[in-house]
Amino acid sequence: MIQRPRGTADRLPDVAPAWRLVSETFQRQCELRGFAPISTPTIERTELFTRTTGDATDLAQKEMYSFQDRGGDSLTLRSEGTAPVVRAYVQNGLHNLPQPVKLYYLTSIFRYDRPQAGRYREHHQIGAEALGDPSPAVDAEVIDLLWSTYRALGIDDLRLELNSLGDPDTRPAYRQALVDYFTPLADRLDSESRERLTSNPLRILDSKSPAVADLCEGAPRSLDFLGEPARTHFDALQGLLQSLEIPFAVNHRLVRGLDYYNRTVFEFVPPDAGSQSTVGGGGRYDYLAELIGANHVPGVGFGSGIERVLLSLERCGTTARAPRAPEAYVAPLADAAVADAMRLARQLRQAGVAVECGFRATSPRSHLRRASRSQARLAILIGARELERGVVALKPLNGAAQVEVRHCDAVRRIQDILAGDP
RNA sequence: GUGGGCGUAGCUCAAUCGGUUAGAGCGUCUGGUUGUGGCCCAGAAGGCUGGGGGUUCAAGUCCCCUCGCUCACCCCA
């Protein structure tokens, strides 16, 4: 049998309540802050991702779902949320709106990677981007949005880690300092880190190898290389987070996996920090727009994996409320009653009553079994007898007595019964 | 891309040393005398034992390959 592609998932109805809780909670937090929804295409030109993400990143080197379309263009399934939003901002002239432009999205992300716990080839992210304003307050606002979303979901055990990577004019000096530090220690680095010494020295700091981690302890810190504006920005951000009472810890080894970040980077990580444990993360990317050939547009944002938020939700014991159960169940007992049953069901639904309809004429026993299992509070029976006399039988499923009402009064009487009036 | 574990019904699991027609619980469907639910009872449907090859008189069981799932590495969310 044909099965779903590796690393993808069918989302069955039983997970819908939790999923909806996450998306609605996030949406509400966004709207409380004036963030507006945006969606971008599932496919983008491949260069959008390769030029922004960075050539040396794993994402660009081996994780993109790229293909040629029939016209010969190279397209890529969205591998990351930020670059498409920046592209859309520029392409649609959103710089003509009051700045910053605050946007949010809920979207699928595709990365060709080996699946494991909390990691999929297609996963989903909630994300937000604030474009057009370089102020540290915008960084704080964006972090507050994500933090508040987690809190509103009952997730209170994530650790916020923070760092600043500085600006492009100071990055080379820091990069060189790292190279100078690690080069004499090269024989103690693993092969991957040795390669990064030339390709992407910052990412050595990210290594989980214990031996490399030890070496990182003594490595130069990005904060010591910040220029004056970046320094001021970072200090201001920390002050704002403190006044918002959002706890955080500076992590000198936090560098993030995408190259376009400058200044602020942050991650929310769970306490049982496994290896791929980031629940959400982001940062500032003031030079991203230029990478795709646009004018300068400062920006800051984040992405958070919904599947991982769901894991945190479970860990913290948050449960979503069950979906609405049908209130009434309409049971045709004779073939001639099916049309009537469906018509009555429609009238009830138009009146706002959730109704499940039995589709096949069968025994009362069978219908009532279904009605019970459907959680409906009331069964509405229509058989040959009822048709003949222009009535329907209403049977409350809580054991109360069955009553007969005229067909033309049915909707009103049913609403009364469901409302609790006799 | 690398390594470990696991693949039997929709789900959770049995099946002795390699031995007859692969079973159970749950779930699903049907029925339990006239048109009345839950509980209970009965019955039915549902399996190429992931797939392919090999060893053997005989394979769910042993061997090889492959696919899938899963966990970890790498990396990300």
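Residues numbered from 1 in each chain as written. Chains lettered and ligands numbered in written order. Predicted model: local features only at pLDDT ≥ 70, side-chain atom pairs only at ≥ 80, totals over all residues. Heavy atoms only, no water.

## Considering the overall build of chain A
Logical step 1: A tally of regular secondary structure across chain A gives 15 helices and 16 strands.
Logical step 2: Against the globule reference of 22 Å for 422 residues, chain A gives a C-alpha radius of gyration of 29 Å, more extended than a compact globule.
Logical step 3: Projected onto its principal axes, the C-alpha coordinates of chain A cover approximately 95 × 50 × 45 Å.
Logical step 4: The burial tally for chain A puts 49% of its 422 residues in the buried class.
Logical step 5: For chain A, the proportion of contacts with a sequence separation of at least 24, taken over those separated by at least 6, is 70%. (Helix = DSSP H or I, 4+ residues; strand = E, 2+ residues; numbered from the N terminus. Rg over C-alpha atoms; globule rule 2.2 N^0.38 Å. Buried < 20%, exposed > 50% of the residue type's maximum accessible area, 1.4 Å probe, protein only. Contact = heavy atoms within 4.5 Å.)

## Describing the environment of Glu-122
Logical step 1: Examined against the element boundaries, Glu-122 turns out to sit in strand E6 (residues 122–131).
Logical step 2: Here the alpha-carbon distance between Glu-122 and Pro-396, two residues 274 residues apart in the chain, equals 46 Å.

## Describing the pairing of strand E10 (residues 280–284)
Strand residues, when the strand is regular, have side chains that alternate between the two faces of the sheet.
Logical step 1: With five of five residues buried, E10 lies mostly within the body of the structure.
Logical step 2: Direction of pairing for strand E9 (residues 262–269) relative to E10: antiparallel, over a ladder of five bridges. Considered in E10, the bridge of Glu-267 is made with Gly-281.
Logical step 3: Taken together, the five bridges between E10 and strand E11 (residues 299–305) define a ladder with antiparallel strand orientation. (Pairing = 2+ DSSP bridges.)

## Remarks on the sheet that holds strand E15 (residues 391–396)
Logical step 1: The five strands lie next to each other as E13-E12-E14-E15-E16, forming an open sheet whose pairing is mixed. Lying at the two open borders of the sheet, with one neighbouring strand each, are strand E13 (355–357) and strand E16 (403–406). Here the average twist between neighbouring strands, direction ignored, is 25°.
Logical step 2: The pairing of strand E12 (residues 328–332) with strand E14 (residues 378–382) spans five bridges and is classified as parallel. Along E14, the bridge assignment pairs Val-330 with Ile-380.
Logical step 3: Sitting on the sheet, helix H12 (residues 338–350) touches E12, E13, E14 and E15, and the angle it makes with E13 is about 165°. (Axes fitted to C-alpha atoms, helices over the stretch in contact; angles between N-to-C directions.)

## Observations regarding helix H15 (residues 410–419)
Logical step 1: Restricting attention to buried positions, one finds in H15 the residues Ala-410, Val-411, Ile-414 and Leu-418. End-on view of H15: buried residues confined to an arc of 95°, all on one side of the axis.
Logical step 2: Buried residues in H15 make contact with H12, E14, E15 and E16.
Logical step 3: Gly-420 occupies a position one or two residues after H15 and carries a positive phi of about 100°. (Arc of directions from axis to C-beta.)

## A short note on the domain arrangement of chain A
Logical step 1: Per the domain assignment, the segments making up chain A are domain 1 (13–170 + 226–315) and domain 2 (328–419).
Logical step 2: A C-alpha centroid distance of 51 Å is found between domain 1 and domain 2. (Domains from an automatic or database assignment.)

## Details of the side chain of Ser-374
Logical step 1: With respect to the helices, strands and loops of the structure, Ser-374 is situated in the loop between helix H13 (364–373) and E14.
Logical step 2: A relative accessible area of 10% means that Ser-374 is categorised as buried.
Logical step 3: Separated by 2.7 Å, the side chain of Ser-374 and the backbone oxygen of Ala-371 make a polar contact.
Logical step 4: Those residues in contact with Ser-374 that lie beyond four places of it in its chain are Ala-325, Pro-326, Tyr-329 and Glu-356. (Polar contact = N/O pair within 3.5 Å; in protein donor to acceptor, adjacent residues only side chain to side chain.)

## Topic: the environment of Ala-339
Logical step 1: Within the secondary structure, Ala-339 is located in helix H12.
Logical step 2: Relative accessible area serves as the criterion here: at 47%, Ala-339 is assigned to the partly exposed category.
Logical step 3: Separated by 20 residues in sequence, Ala-339 and Phe-359 place their C-alpha atoms 9.5 Å apart.

## Section: the sheet that holds strand E2 (residues 43–45)
Logical step 1: Pairing is antiparallel in the open sheet, where three strands are placed in the order E2-E4-E3. The open sheet terminates on both sides in strands that have one partner only, identified here as E2 and strand E3 (66–68). Across this sheet, the average inter-strand angle for adjacent strands is 35°, counted without regard to direction.
Logical step 2: Summarising the sheet, E3 and strand E4 (residues 74–77) pair through three bridges and their orientation is antiparallel. Bridging from a neighbouring strand, Gln-68 pairs with Ser-74 of E4.

## Some thoughts on the pairing of E16
Logical step 1: Sheet topology places E15 next to E16; four bridges connect them, and they run antiparallel. What sits directly across from Val-391, in E16, is Arg-406.
Logical step 2: Count of turn residues in the E15/E16 antiparallel hairpin: six residues, of which Gly-399 carries a positive phi of about 100°.

## A closer look at unusual backbone geometry
Logical step 1: Gln-99 connects to Pro-100 through a cis peptide bond whose omega is 0°.
Logical step 2: Within the secondary structure, Pro-100 is located in the loop between helix H4 (82–91) and strand E5 (101–110).
Logical step 3: We note that Glu-245 has phi near 55°; this positive angle belongs to a residue other than glycine.
Logical step 4: Tracing the backbone shows Glu-245 in the loop between helix H9 (228–243) and strand E8 (249–250).

## Some thoughts on the packing of aromatic side chains
Logical step 1: Counting across every chain of the model gives nine aromatic pairs.
Logical step 2: Plain terms: the ring middles of Phe-26 and Tyr-104 are 5.7 Å apart, the flat faces sit at 85° to each other, and that makes the pair edge-to-face. In this pair, Phe-26 sits in helix H1 (residues 16–31) while Tyr-104 sits in strand E5, placing the two residues 78 residues apart along the sequence. Pair check on accessibility: Phe-26 and Tyr-104 agree, each one buried.
Logical step 3: Of the aromatic side chains, those joined through ring pairs into one cluster are Phe-26, Tyr-104 and Phe-302.
Logical step 4: Geometry around Trp-19 places Arg-11 over its ring, the cationic atom sitting 3.8 Å from the centre. (Phe/Tyr/Trp six-rings, centres within 6.5 Å; stacked < 30°, edge-to-face > 60°. Lys NZ or Arg CZ within 6 Å of the ring centre and 35° of its normal.)

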